[in-house]
Amino acid sequence: MKGKNLFFMRKNCGIPVVSVVIGDECQIIEWVSLSFEMGNDNNKRFDDFKEQTMSAVEQAYELAKSRYAELGVDTDAAMKKLANIKISLHCWQGDDVSGFESASGISDGGILATGNYPGKAQTPEQLRADADVAFKMIPGKHRFSLHAIYLENQGKKVERDAIRPEHFQGWIDWAKANGLGLDFNPTYFSHPKSADGFTISSPDKDIRDFWVRHGIACRKVAEEMGKQLGTSSVVNFWMPDGFKDIPVDRLAPRQRMAESLDKIFAEKIDPKFELDAVESKLFGIGSETYVVGSHEFFMGYAMSRKKLICLDAGHFHPSEGIADKLSSMSLFVDEFLLHVSRPVRWDSDHVVIWNDDLRSIAEELVRNDLLGRTHIGLDFFDATINRIAAWVIGTRSMIKALLAAMLEPLAEMRKWENEGDYTRRLAMLEELKTMPFGAVWDYYCAQHNVPVGTAWIDDVRKYEADVLSQRRG
Ligand code: RNT
Ligand code: ZN
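A few points on the structure. (Residues numbered from 1 in each chain as written. Chains lettered and ligands numbered in written order. Predicted model: local features only at pLDDT ≥ 70, side-chain atom pairs only at ≥ 80, totals over all residues. Heavy atoms only, no water.)

A few words on the environment of V344. Structurally, V344 can be placed in strand β12 (residues 342-344). Sequence separation between V344 and G314 is 30 residues; the distance between their C-alpha atoms is 8.4 Å. (Helix = DSSP H or I, 4+ residues; strand = E, 2+ residues; numbered from the N terminus.)

Quick look at the site of ligand 1 now. W92, I111, H147, W238, E279, K281, D312, H315, H339, D347, D379 and F381 make up every residue found near ligand 1. The contact in question runs from an oxygen atom of ligand 1 to an N or O atom on the side chain of H147, over 2.7 Å. One of the side-chain nitrogen or oxygen atoms of D347 is found 3.5 Å away from an oxygen atom of ligand 1. Relative to its unbound accessible surface of 310 Å², ligand 1 loses 99% to contact with the protein. Each residue belonging to the shell around ligand 1 can be placed in one class, and the counts come to four nonpolar, three polar and five charged. (Near = heavy atom within 4 Å. Polar contact = N/O pair within 3.5 Å; in protein donor to acceptor, adjacent residues only side chain to side chain. Areas by Shrake-Rupley, 256 points an atom, 1.4 Å probe, with all protein chains shown as cover. Nonpolar A, V, L, I, M, F, W, Y, C, P; charged D, E, K, R; others polar.)

Sheet analysis places β12 next to strand β13 (residues 346-350), joined by two bridges and oriented antiparallel. What sits directly across from R342, in β13, is H350. Where β12 hands over to β13, the hairpin turn is made up of one residue, of which R345 adopts a positive phi near 70°. (Pairing = 2+ DSSP bridges.)

Closest axis-to-axis distance for the helix α9 (residues 356-367)/helix α10 (residues 387-406) pair is 8 Å, and the angle between their directions is 50°. Between α9 and α10, the interaxial angle falls into the category oblique. As α9 packs across α10, the resulting crossing turns out to be right-handed. On the side of α9, the interface is formed by L358, A362, E363, L365 and V366, while α10 contributes S397, M398, A401, L402, A405 and M406. Residues belonging to the contact of α9 with α10 are distributed by class as follows: nine nonpolar, one polar and one charged. (Axes fitted to C-alpha atoms, helices over the stretch in contact; angles between N-to-C directions. Parallel < 35°, antiparallel > 145°, perpendicular 65-115°, else oblique. Left-handed = near helix turned anticlockwise from the far one by under 90°. Contact = heavy atoms within 4.5 Å.)

The values reported here are purely geometric and, on their own, carry no functional implication.
Here it is in structure tokens:
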């Protein structure tokens, strides 16, 4: 394999000595140990370095490939399949859900970005430039998810019920130029008309109607995105509506929300251009006791109205994962939207890492053949670390989890399970954890011309020094 655009520009790079078992034999593979000093005109040495490092990645891959082949797993086929999976990166990690409607950030909605890491994007141009950097570190072609508050309003106030496709043309042009699909989200928070905690379920008809018009406007924006980009735009409806304390009427707000949603979805839009998803939640800040759009509410709504169900990893009881829900719901809903997030004790929206929860989600998608029916979106916002790095870490983790799930000897494990050989099943699940997965992942990154290992951090740091640190605020 030829690596065109390699990012191996670290000063000292040692590749460890590794022992592998091939067939019955144990072989010690003495890998190149590299120590390299970068010089300005040291191109020859740098080329040697690249070649050696590349060959180390290749060698490791070849060994890993044969280890997996022993289990009947085809690593090349897995990587080919993985390259078709798109992850929707969420614009809101880039600026702590602030948007460009006004100068202030999120002010309500029961969600909270904590931290004040310097250099956040303050204009659409900055956010796009930051996302461009992140995409360079992520293998494959992906998507970008916008919220309505990320409109380009040319300094004029545009009310939420008056947003039009032209306010997002800059984003569409950028997506087209970069081969990205776009997804969309109405913004039902950070607004005076949501300040009392209710939007489309409000008892006030004017407020309800305003937010219904917002929902309709957002579907039209997304339809235009889908038309121009040739890939359907998924619109995710999440409303913060709920009570802090014990309600006496749990039903009426739910009736109003269902009615409002029916109005929003009254116009049929071609699913080739636009798809609607609905997202439930257990509680939010300020809606601890009761959320109108609960899981049962939206599961019923999505099933009866043939909408996508959005499962956010942080929207259930603290010990409840979304992985186990997928197989059950796949029998009753056509498509899923995932909001992959990492709740820590509450819906904290930490950056996604390759932990057991993420592994299980990916395994369920792969094992149950749900990838073709699932739109994978990310939903986290951490303002305590470099925001571009947060995108990169989260997205690479998601892709890693999918790759690992694709490297299972599934047919065999199913057979053992059906035969009642749970001993073998458990033994294999445990052994899989120490298979040379990292070598396949590194090779996948190299194949897609993105940095292998932690090399991407240096590039993000450079961008931070050159660009982010120059931003005010
Ligand atoms: C909030 C929901 C919702 C938001 C985004 C910004 O709890 O998860 O998806 O995070 O719309
Ligand atoms: Zn979410």
